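# Residue-level structural notes
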4 protein chains.
Amino acid sequence: MIVILKQDPPQKKIDELLHWLEDFHVNINIVKGAHTTILGLVGDTSKIDIESVQAKDIVESVQRVQEPYKNVNRKFHPDDTIIDVHGEKIGEGHFKVIAGPCSVETEAQICQVAKAVKASGAKFLRGGAFKPRTSPYAFQGLRAEGIELLSEARKETGLPIVTEIMSLAHLDLFNDVDVIQVGARNMQNFELLKELGHCDKPILLKRGLANTIEELLMSAEYIFAGGNNKVMLCERGVRTFETMTRNTLDISAVPILKKVSHLPVIVDPSHAAGRTDLVKPLSLASIAAGADALIIEVHNDPKNALSDGAQSLTPEAFDTIMGDIKSMASYMGKQL
Amino acid sequence: MIVILKQDPPQKKIDELLHWLEDFHVNINIVKGAHTTILGLVGDTSKIDIESVQAKDIVESVQRVQEPYKNVNRKFHPDDTIIDVHGEKIGEGHFKVIAGPCSVETEAQICQVAKAVKASGAKFLRGGAFKPRTSPYAFQGLRAEGIELLSEARKETGLPIVTEIMSLAHLDLFNDVDVIQVGARNMQNFELLKELGHCDKPILLKRGLANTIEELLMSAEYIFAGGNNKVMLCERGVRTFETMTRNTLDISAVPILKKVSHLPVIVDPSHAAGRTDLVKPLSLASIAAGADALIIEVHNDPKNALSDGAQSLTPEAFDTIMGDIKSMASYMGKQL
Amino acid sequence: MIVILKQDPPQKKIDELLHWLEDFHVNINIVKGAHTTILGLVGDTSKIDIESVQAKDIVESVQRVQEPYKNVNRKFHPDDTIIDVHGEKIGEGHFKVIAGPCSVETEAQICQVAKAVKASGAKFLRGGAFKPRTSPYAFQGLRAEGIELLSEARKETGLPIVTEIMSLAHLDLFNDVDVIQVGARNMQNFELLKELGHCDKPILLKRGLANTIEELLMSAEYIFAGGNNKVMLCERGVRTFETMTRNTLDISAVPILKKVSHLPVIVDPSHAAGRTDLVKPLSLASIAAGADALIIEVHNDPKNALSDGAQSLTPEAFDTIMGDIKSMASYMGKQL
Amino acid sequence: MIVILKQDPPQKKIDELLHWLEDFHVNINIVKGAHTTILGLVGDTSKIDIESVQAKDIVESVQRVQEPYKNVNRKFHPDDTIIDVHGEKIGEGHFKVIAGPCSVETEAQICQVAKAVKASGAKFLRGGAFKPRTSPYAFQGLRAEGIELLSEARKETGLPIVTEIMSLAHLDLFNDVDVIQVGARNMQNFELLKELGHCDKPILLKRGLANTIEELLMSAEYIFAGGNNKVMLCERGVRTFETMTRNTLDISAVPILKKVSHLPVIVDPSHAAGRTDLVKPLSLASIAAGADALIIEVHNDPKNALSDGAQSLTPEAFDTIMGDIKSMASYMGKQL
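A brief structural summary. Keep in mind that this is a model prediction, so the values were computed, not measured.

With that settled, the discussion passes to the overall build of chain A. For chain A, the count of helices and strands is 10 helices and 14 strands. Taking the principal axes of the C-alpha coordinates as reference, chain A spans close to 75 × 45 × 40 Å. Accessible surface, chain A as shown: approximately 11,100 Å² in total, 49% of it carbon and sulfur. Charge-centre separation for chain A: the mean point of 37 positive side chains lies 2 Å from the mean point of 44 negative side chains.

Here we come to the pairing of strand 9 (residues 161–165) of chain D. Residues and elements named next belong to chain D. Counting buried residues along strand 9, 5 of its 5 residues qualify, which places the element largely inside the surrounding structure. Relative to strand 9, strand 8 (residues 124–126) runs parallel, the two being bridged by 2 bridges. Counted as the bridge partner of leucine 125 is isoleucine 161 from strand 9. Taken together, strand 8, helix 4 (residues 144–157) and strand 9 constitute a β-α-β crossover, and its handedness is right-handed. Two strands pair when backbone bridges link them, and strand 9 and strand 10 (residues 179–182) are joined in this way by 4 bridges, in the parallel orientation. Bridge assignment links glutamate 164 to a residue of strand 10, and that residue is glutamine 181.

All right, on to the packing of aromatic side chains then. Applying the stated rule across the entire model yields 14 aromatic pairs over all chains. Judged by centre distance (6.0 Å) and plane angle (25°), the ring pair of A:Phe130 and A:Phe174 falls under stacked. Residue A:Phe130 is located in the loop between strand 8 (124–126) and helix 4 (144–157), and its partner A:Phe174 is located in the loop between strand 9 (161–165) and strand 10 (179–182); the two are separated by 44 residues in the primary sequence. For the pair D:Trp20 and D:Phe24, a centre-to-centre distance of 5.1 Å together with 70° between the ring planes defines the contact as edge-to-face. Using a relative accessible area of 24% as the deciding quantity, one classes D:Phe24 as partly exposed. Lying across the ring of A:Trp20, A:Lys56 places its NZ or CZ 3.7 Å from the centre.

To continue, consider the relation of the copies chain B and chain D. Of the two same-sequence chains, chain B is brought onto chain D (RMSD 0.0 Å, axial shift 0.0 Å) by a rotation of 180°. The transformation just described matches what one would write down for a two-fold rotation axis. Taking C-alpha positions as the reference, the residue of chain B nearest the rotation axis is B:Ala285, at 2.0 Å. When the interface residues of chain B are mapped onto chain D, 100% of them are again interface residues, pointing to one common binding face.

Glancing now at the interface of chain B and chain A. Contacts between chain B and chain A engage 51 residues on the former and 51 residues on the latter. Note on chain B versus chain A: buried area summed over both sides is about 4,000 Å², and carbon and sulfur give 50% of it. Of all residues in chain B, the largest losses of buried area upon contact with chain A belong to B:Tyr137, B:Glu191 and B:Lys303, amounting jointly to 15% of the total for that side. A:Asp49 is the partner of B:Arg133 in a salt bridge, and the nearest nitrogen-oxygen pair spans 3.8 Å. The interface formed by chain B and chain A contains 20 residue pairs in polar contact (both at pLDDT 80 or more). Going through the elements one at a time, helix 1 (11–22), helix 2 (50–55), helix 5 (190–196) and helix 6 (213–225) of chain B are the ones with two or more residues in the side of chain B that touches chain A. In terms of residue count, helix 6 of chain B provides more of the side of chain B that touches chain A than any other element does, 5 residues in total. When grouped by side-chain class, the residues that make up the side of chain B that touches chain A number 18 nonpolar, 16 polar and 17 charged.

With that settled, consider the interface of chain B and chain D. Often, the extent of an interface is quoted as the loss of accessible area on bringing the components together. Taken together, the contact pairs 37 residues of chain B with 37 residues of chain D. Buried area between chain B and chain D, both sides added, is near 2,900 Å², and the carbon and sulfur share of it is 72%. Its largest share of buried area at the contact with chain D, chain B owes to B:Phe241, B:Met244 and B:Tyr331, together 22% of the area lost on that side. Remark: the boundary between chain B and chain D carries 4 salt bridges. Counting every contact that joins chain B to chain D gives 10 residue pairs in polar contact (both at pLDDT 80 or more). The set of elements that each furnish at least two residues to the side of chain B that touches chain D consists of helix 6, helix 7 (253–260), helix 9 (279–288) and helix 10 (315–331) of chain B. Broken down by element, the residue count for the side of chain B that touches chain D peaks at 5 residues, all from helix 9 of chain B.

It is worth spelling out the relation of the copies chain B and chain A at this point. Under the fitted operation, chain B is carried onto chain A by 0.0 Å of movement along the axis and a turn of 180°, and the coordinates agree to an RMSD of 0.0 Å. The fraction of interface residues of chain B whose copies in chain A are also interface residues reaches 100%, indicating that both copies meet through the same surface.

Residues and elements named next belong to chain C. A rise of 1.5 Å per residue sets the reference length of helix 6 (residues 213–225), with its 13 residues, at 18 Å; its end C-alpha atoms lie 18 Å apart and thus fit the reference within 8%. Most of helix 6 is tucked away, with 11 of its 13 residues classed as buried. Where helix 6 is concerned, the buried positions are Ile213, Glu215, Leu216, Leu217, Met218, Ser219, Ala220, Glu221, Tyr222, Ile223 and Phe224.

All names here are of chain A. Read from one edge to the other, the open sheet built from 4 strands follows the order 2-3-1-4, with strand pairing classed as antiparallel. Edge positions in the sheet fall to strand 2 (27–32) and strand 4 (59–63), since each has one partner strand and no second. Recorded for the sheet is a direction-independent mean angle of 20° between the axes of neighbouring strands. Examined bridge by bridge, strand 2 and strand 3 (residues 37–42) share 6 bridges and lie antiparallel to one another. The partner of valine 31 across the bridge, within strand 3, is isoleucine 38.

What follows concerns the pairing of strand 10 (residues 179–182) of chain B. Residues B:Val179 and B:Gln181 of strand 10 of chain B are buried on one face, and the alternating residues B:Ile180 and B:Val182, pointing to the opposite face, are buried as well. One crossover worth recording links strand 10 of chain B to the parallel strand 11 (residues 203–206) of chain B by way of helix 5 of chain B, and it is right-handed.

Let us look at the sheet that holds strand 9 of chain D. Residue and element names in this part refer to chain D. Taken in spatial order, the 8 strands of this closed barrel run 7-8-9-10-11-12-13-14, and their pairing is parallel. When strand polarity is set aside, the average angle formed by the axes of neighbouring strands in this sheet is 30°. Sheet contacts for helix 7 (residues 253–260): strand 12 (231–235) and strand 13 (265–267); angle to strand 13, the most-contacted strand, approximately 165°.

Residue and element names in this part refer to chain D. Put simply, helix 3 (residues 107–120) and helix 4 touch, their axes get as near as 9 Å, and they point 40° apart. In terms of their interaxial angle, helix 3 and helix 4 are classed as oblique. Handedness of the crossing formed by helix 3 with helix 4: right-handed. Two secondary-structure elements touch here, helix 3 through Glu107, Ile110, Cys111, Ala114, Lys115 and Lys118 and helix 4 through Leu149, Leu150, Glu152, Ala153, Glu156 and Thr157. Looking at the contact of helix 3 with helix 4, its residues break down into 6 nonpolar, 1 polar and 5 charged.

Counted under the stated rule, the structure contains 8 cavities of 30 Å³ or more. The space that makes up the largest cavity amounts to roughly 180 Å³. In terms of lining residues, the largest cavity is bounded by 17 residues, among which B:Arg239, B:Thr240, C:Arg239, D:Arg239 and D:Thr240 are the most central. For the lining of the largest cavity, the per-class residue count stands at 9 nonpolar, 4 polar and 4 charged. Forming the boundary of the second largest cavity are 10 residues, of which B:Val65, B:Lys75, C:Leu5, C:Gln7 and C:Thr36 lie nearest the centre. In terms of residue class, the lining of the second largest cavity is built from 3 nonpolar, 4 polar and 3 charged.

Residue and element names in this part refer to chain D. Over its 12 residues, helix 1 (residues 11–22) extends 16 Å from the first C-alpha to the last, a length consistent with the 16 Å expected when each residue adds 1.5 Å. Within helix 1, the full set of buried residues consists of Ile14, Leu17, Leu18 and Leu21. The buried residues of helix 1 all sit within an arc of 100° when viewed along its axis, so they share a single face. In helix 1, the exposed positions angled more than 90 degrees off the buried face are occupied by Lys12 and His19.

Cut-offs used in this document
Residues numbered from 1 in each chain as written. Chains lettered and ligands numbered in written order. Predicted model: local features only at pLDDT ≥ 70, side-chain atom pairs only at ≥ 80, totals over all residues. Heavy atoms only, no water. Helix = DSSP H or I, 4+ residues; strand = E, 2+ residues; numbered from the N terminus. Areas by Shrake-Rupley, 256 points an atom, 1.4 Å probe, with all protein chains shown as cover. Lys, Arg positive; Asp, Glu negative; His and termini not counted. Charge placed at Lys NZ, Arg CZ, Asp CG, Glu CD. Buried < 20%, exposed > 50% of the residue type's maximum accessible area, 1.4 Å probe, protein only. Pairing = 2+ DSSP bridges. Right-handed = clockwise from strand over helix to strand, strands pointing away. Phe/Tyr/Trp six-rings, centres within 6.5 Å; stacked < 30°, edge-to-face > 60°. Lys NZ or Arg CZ within 6 Å of the ring centre and 35° of its normal. Least-squares fit on C-alpha atoms with pLDDT ≥ 70 in both. Contact = heavy atoms within 4.5 Å. Buried area = accessible area lost by both parts, 1.4 Å probe. Salt bridge = Lys/Arg side-chain N within 4 Å of Asp/Glu carboxyl O. Polar contact = N/O pair within 3.5 Å; in protein donor to acceptor, adjacent residues only side chain to side chain. Nonpolar A, V, L, I, M, F, W, Y, C, P; charged D, E, K, R; others polar. Expected span 1.5 Å × (residues − 1). Axes fitted to C-alpha atoms, helices over the stretch in contact; angles between N-to-C directions. Parallel < 35°, antiparallel > 145°, perpendicular 65-115°, else oblique. Left-handed = near helix turned anticlockwise from the far one by under 90°. 1 Å grid on protein atoms, 1.4 Å probe; cavity = no way out; pocket = protein on both sides within 12 Å on 5 of 7 lines; lining within 4 Å. Points joined across faces, edges and corners; volume = space filled by probe spheres on them. Arc of directions from axis to C-beta.

Dropping the structure here:
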C-alpha cells in the first residue's frame, strides 16, 4: 500500500501515523522528498481499511498495490472454476446457452418455450418468477407460482432452471431452483449476498448498471466469504449517455474478468441491447471475446409478452441465431 | 400515449394492433403520412404497459405523454408534503439538518456526536448500524446493537434518529427508529420498498448512483402504493467519469424534484463529494437550489472513524458550517 | 414530427402555432384529449428546426419520426459504400487492418514498423504526425516532418498512409496523405468537417468520447454536405465510470452503424482499451460484430515510445494477433 | 512520482529502468516487498512522461504526486487572477453576469437584447456569430456579419462583447471582440488553444461535455503556455444518463476549481439545464458555491429564436431573476 502525505507534514503527525500503522505489523518504508513524503507499506495490508488511512489529516492519497479481492482472484486460484449443474458444465472451455422468457406467464407458455429452446440447443432454461419492475403498476411476476411452473417445464424437458431472487425472504422458495440469479439492481444487496454465501447452489451474479468490474468481483467475494464458491459473473450492459441501446454492453469486461478471476463469465445480450436485432452480433462478439455462456430472452409470442417483449426473440429467430452461436463457439474452440 | 409505426405497415397488422388496444378503452386517433402512421391514444393509458406496445412488430417507438408516477406527482397533489417527526417538520418551508457519524461505533462516540450536533443546531441524528460496504472484509456496522446505541443517544439528546435498513429481515429492529433510510444501493430493492409501504414511518429514500430522477420517483411510488405516503427524496450524487469527487452531485435534481413532486427534497453533500472541503459550498448551493434538508456526516474523531472518515467533519468544523447553513436557510426564507 | 402541447393550452396559442407551422407546408393532424393536445406533422419536416418548435411556450415536447441524417442514411442509400484506396478496398465484405505507431518518431522507426506490419498483413500504415495531447508539455508530434516520414515509409512499402489532422490550417500538408483521420476530440469541430467536405480524400471519422451514435452520423453528414462522400466511421470507446480500461468500447455501435448507415465501420481496440492485453479479444469481438476494418497501434519499441506505449503492440505480438484476426475475418466471410 | 512494478520483476529489467530514469536527474527510492517493488521518484518529475513510464514492461502502474498543471495551479500562484475588461472586473470577489442571445440574428434583435440585459444589470453581452450545430442543416450563425452586429450593440450600450470562436482561420475577425469564448466542443482543440495563447485577449474556456476538471485545467495550461494568462474557466454541465436536463451541471467543479486554480470560475446555467425553469435555482446555487460570474441566455423573442429558444429567457424573466442573482451575490459578499 502506498500512502502519499500532504506537503510538509509536521514530524509529530508523521510519528502518530507511523505509530498507528505499527499495529498492523507491516513493514513501513519512508520516501522523503523536498516537499513530499511517501510511505510504502509492505506485507499483509488486507487488514488496513484504505478509508481509515485516507481519513488521516496528513494523508493526501492512498493507493492499494494488491487487489482487494482474494478468493475470486486468479492470482490465488490459477485454474478456471467450472460450474457443473447435473452434468451441464460452464467454464474452462465448456460453453452453454441459457434461454427462456423474461417472465414466466403460464404453464403452456413456459413449457412451449422450454421445449423450443431445448430443441435449438439451449442447455438451461431461464424465466422470471419474481420481476424487478421500475413501476409498481407493471406486472410483478407470478412469484411462487412462477417457480412451480418452471419446475414443471424442467420436468418436461430436463433443462436445469435459472431464475432471479429479489429478497432473502423468498429463499425457501428457491430450494428447487438449479441456479439462483442475482439481478443487476441487487448486485450490492449485501445482506442477500451474505445469505447466498451460505447456500449450496450456483449463483449467477449480474453486474449492476453503474458498478465497476472491481465492485462486481467484490460482490462475488461476499458470496465466497460465506462459503459458496459456485459463482458465475454476468456482464449485461452498463448505463451511459447512449440512447440507441437500453444499456451499453461493456465487452471489455469479458476478457478482463477472465484474466483477473477464475470464475465463468456470462453475457446477456438481450438486456444489454434491449433490441432483438442486436442479439446475434452481440452474442457472436461475446463468444469471440471469451465468454463461457450466453443468457438470451426467448418468448413464444413476444408481441404479447407481459414484459421485455421488445428484446425477446421468437423461437424461430432464436433457432437461426443458435446455429451461428454454436458455430462460433466451436470456431473459438469451446466444447458445447 | 403516442405510438409511431414502422414505415408502410400492412393494414392487417394495423388492424390487429387497433383491436388489441381497444381492450384498454382509450380513444385512438390515427395520423397517416406518406410513409408514417402515428397513433395518438387518449384517455387513461396508465393500464397500458409501454413495453408491451413497444414489442409489437409494427411499432417503431412509443412515447408517454403523462408521467408514469401518479401519487408522488405534484399535478395530482399540488400542496407540499410535510414530514413531521415529533414536531420537527421538514418540507413546505421547514428546513432541517440531519447530522451524525457514518457508523455508530460506541455509546460514548454516538452520544458525544449527538450532543455536539444538537448544540450546533442539527434536529435529527443520523448514524449507520447496518453498513453497506463494497468489501466483505470491511467493518459491517454494529447492526442490532448499533440501533440500541442510537436509542441511547436519542434518550440523552431528544434527537429523532435516522438510520439505514439493508434488508426487510431486519424490519422488526427498526420499530424504535424514527426515520428509516433506504440507501442508494437499495433504491430499486423493490421487495424492500413494498414492505416499507406497509409501515407507518417516514422513509428517507436515496437516489441510486445510476438512477434517473424518474426512477427515483417511481421507487417512491412503490412506497406510496403500499399506503405509506411519508417519503423524503434524497439526492446524494450520481456516478460519472469525474474522479476529483466520489460522485457528481446532480444539483439540478433539487429544483426538478420540487417541481414535479410534492415530497421534501434532501441533499447529502458528504456522500456526493466524499471530501470534507466541499461540504460547505455544496450545502449552501443545495439550500440556494431549494433543498428542504441536508444530511451531513460528523464524527468526533474522523481520522480514527471505522468508515467514511475522509468525508466526515469534526464537531468543530460542523459547528462553523452550521452557522453558514442557518444563515443561508433564513436568507432563502426557510423556517429553521 | 410529433408535437405534444402542454396541458389545456389556450386556443389562441394553438392557432398561433398552427399558423407558424403552415409556412413549412406540412400536413398537420390534431389529436385532442381531455387535457392533452398532440400535433402530428406529416410531410417534409426536415426544414423545421426541432429546437424552434420546442421553444414555443405551449409545447411540452417534440419528437422526430424520421432520422435527422439523410446522406449517410441507409434508407436513402441501401448499398454499402466501399472506400477504395489505390485498390485496397474497405466495406461491403472487404476487410482491412490499419496498423502503425501512435506517433511518427524517426524515419528508421516508421519504416521499420511499416515493413513489419506489412509483412504481418496490414494494408494501411497509420502514424501520428500531429498529436493531440492533454498536456502542452507532452510530445506534440513531428508535425510537417512526420508527414514527410510517412511518405518515406509509403515509398518503401507501398502502404497507403492514414494520419490525423488537427487544424484546417494544416490542410495543405495533407495533399500527399491517402486517408485523413479526424480524431475523437475533433468529431464536432464543424469548421474542420466543412472543409474536409470539399476535399477529395477518404476521411476516417472517429467517434467522440461522449458523443452519441447519432451525433457521429450527423458529423459524417457535415462531410457529405460539402460533397465528399468518402467517409469511414470509427468506434474507439466512450467515456464511462469504469477505470480498468481507458475507455469503454461500445461494441453495439458496430452493428447499429452498419444497419442505419451505408458507411464502412472501423474499430480501434488500442485506444478503446488503452492496454495491449485486450487488443486481441476486442479485435476478434469487433470482427464478429461486423466491423469492416481495425486500426491497431504497433511500435517497434513500445517501452521507449514517445506516446501511448502502454497500448502499443510489438511487431512480434502484432504478427501473432494478425493470424487470429485474418482467420476470424475469413470465418465471418470477409474478403482480405 | 510513484512507480509500482509488476510482481517479482527480473533484477536485469529493474536495472534497465533505473538506468533509464537516471537521465531525468531525480532521486529514486526503492521500496522492496515480498513480491512487490515500488520506486519513489523525488525531485522535478515534470519532464518524465507518465505514459512512457507506464509503457515499460515491468511497470504495473504509475501515479503522479504533483498535479500536472503548473501555471494555473494555485500552489504556484496563490492570489486570485482578476480579469479586467474596460474596467469591468471578474474574480477575487468581483461578480458579473454575462447575458445575451444564443445566436445573433439581426441588428434590431441584438441591440434590443443588449439594452434590455444592460438595464437589468448585466455587464457583458454574449451572442453567437459562429454557431456549432450538431446538424449541417441547422442555422450556422451570421458568422462575420454577426460579429459586426455585436460591435454595433456594444456601440449602443457600451457592453463588452463575448463571442465564440470555432476555428483559428477566423481569428482576424475577432480583433474587435472583447472576450473570446472557446466552446465545450473545442476545449481540446489544441491547435486553437495554442493560437489563443499568443493573443492578448481574455479567453472564456468552457469545459467539454465529457472532460474532467483536470483536463479543463490542462487546456487552460495550453493557453498559458503560449503567454496568455487571461483565462476564465466555465462549467456548463457534463453528459450523463439523466434525461430531464440537457446536461448535468457539475456544481462541485466550482469550489474545486476555485481551490486548485487561481482563475475566475463562470457557470452557464442555460446550457447546463437546457430549460429556462432551472436558470434561477442553478444561478443561485452557483453563486452560493462560489462562482465569479454567470453566463445566461436571453432572447427578445425565444419562441422564434433561430437556436436554443427552449433555454432562453425573455428580457422580462431575466430582469426578475437578476434581482435574485444580485441579492444572492451581495449576500455571498461579492462586489457587483
